[in-house]
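# Observations on the model geometry
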Amino acid sequence: MKVLLLKDPKTSELSLDPYVKELSSHGLQTTLIPVLSFKFVSLELFFDKLSHPENYSGLIFTSPRAVEAVKLCLKNPGNKEVWENILCDQWNSKPVYVVGKGTGTLVEEVGLSSEGEGTGNAEKLADYICSKRLLCSSPIIFPCGSLKREVLPKRLQEKNIPLETITVYQTALHPAIEDSLADYFAKEGVPTIIVFFSPSGVKFCLGFFKEMLNDRFNQMKFVAIGPTTAEAMAAEGIPVSCTAENPTPQDLAIGIKGIDKQ
């Protein structure tokens with residue numbers, strides 16, 4: 001069974017990506033093609049805000065890229081020194097919320113403890129934060145991308161939990177995506193399953209697949225990494241064969257194997 005993953009790779013070597021490794025271990029012929037590219041912005045302003053934890057009630061990370069923005073800030077030796085000696089401990093005295101284990105692991109790499117990783121998506125994380133019944137006089141800072149969804153900010157606003165967003169990266173179509181997909185279809189043929197990992201990936205790739213698959217489009221099996229992506233797929237008329245129970249390599253493998261047994 002051929003599986004095509006449309007995602008940002010976790011490693012420079014695509015074959016070592018944890019999703020590729022997990023699916024391949026189940027005998028699935030798995031290929032990863034990067035769909036999105038990211039440009040980091042406003043990092044100086046972002047670190048200035050991180051330098052004043054006394055102004056905030058906590059931090060929210062809903063994507064690995066937002067944590068990567070912190071890492072990029074810490075490439076400056078002066079920033080890294082003040083972070084390790086002062087700021088990290090100060091932020092660890094406040095809640096740091098994350099979506100998913102992958103983002104939680106990256107947060108640990110910059111020295112922060114986190115909570116909420118079991119929520120799995122922004123909607124559930126918002127509910128988790130609201131359930132804490134916080135009495136925040138200062139905002140929670142939320143570094144995010146240019147295409148962020150408004151569900152989390154809206155839900156926190158409804159509960160009178162102040163939030164300060166800052167765009168730290170811009171999302172765009174990967175410049176090589178069209179050539180990569182054309183090369184894949186030419187060499188491998190039509191995959192059995194195509195897995196989307198984000199609403200942005202759905203938005204950017206839909207046209208390519210409709211053109212390449214033509215009449216076979218509605219016969220394809222499409223899989224979503226989570227409910228938010230599944231909603232974006234359904235909104236575009238893409239049939240969703242299954243949604244991973246949790247956004248992990250293991251749960252994705254279980255979902256795909258379940259399709260195989262149908």
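To be clear, the structure that these remarks concern was listed above.
Residues numbered from 1 in each chain as written. Predicted model: local features only at pLDDT ≥ 70, side-chain atom pairs only at ≥ 80, totals over all residues. Heavy atoms only, no water.

On the basis of which strands lie adjacent, the open sheet formed by five strands has the order β2-β1-β8-β9-β10 and parallel pairing. For this open sheet the edge positions go to β2 (29–33) and β10 (240–243), each flanked by a neighbour on one side alone. The average angle at which neighbouring strand axes cross in this sheet is 25°, direction not considered. (Pairing = 2+ DSSP bridges. Helix = DSSP H or I, 4+ residues; strand = E, 2+ residues; numbered from the N terminus. Axes fitted to C-alpha atoms, helices over the stretch in contact; angles between N-to-C directions.)

Attention now moves to the sheet that holds strand β5 (residues 96–98). An order of β3-β7-β6-β4-β5 is seen for the five strands of this open sheet, with the pairing classed as mixed. Only two strands of the sheet have a single partner each, and these edge strands are β3 (36–40) and β5. The average undirected angle you get between the axes of adjacent strands in this sheet is 25°. The sheet strands contacting helix α2 (residues 43–50) are β3, β4 (58–61), β6 (140–145) and β7 (163–173), and the helix crosses β7 at an angle near 150°. (Contact = heavy atoms within 4.5 Å.)

Looking now at the packing of aromatic side chains. The geometry of an aromatic ring pair is captured by the separation of the ring centres together with the interplanar angle, meaning the angle of the planes. On inspection of all chains with the given rule, the structure shows ten aromatic pairs. For the ring pair phenylalanine 40 and tyrosine 169, a centre distance of 6.2 Å and an interplane angle of 55° mean the geometry is tilted. A residue pair is termed long-range when its members are at least 10 positions apart, and phenylalanine 40 in strand β3 and tyrosine 169 in strand β7 qualify at 129 residues. On the accessibility criterion, tyrosine 169 (7% relative accessible area) is buried. Summarising the aromatic geometry, the rings of phenylalanine 196 and phenylalanine 222 are spaced 6.1 Å apart at their centres and angled 25° between planes, so their arrangement reads as stacked. You can see phenylalanine 196 sitting in strand β8 (residues 193–196) and its partner phenylalanine 222 sitting in strand β9 (residues 221–224), a full 26 residues away along the chain. Here the two residues phenylalanine 196 and phenylalanine 222 agree in accessibility, since each one is buried. (Phe/Tyr/Trp six-rings, centres within 6.5 Å; stacked < 30°, edge-to-face > 60°. Buried < 20%, exposed > 50% of the residue type's maximum accessible area, 1.4 Å probe, protein only.)

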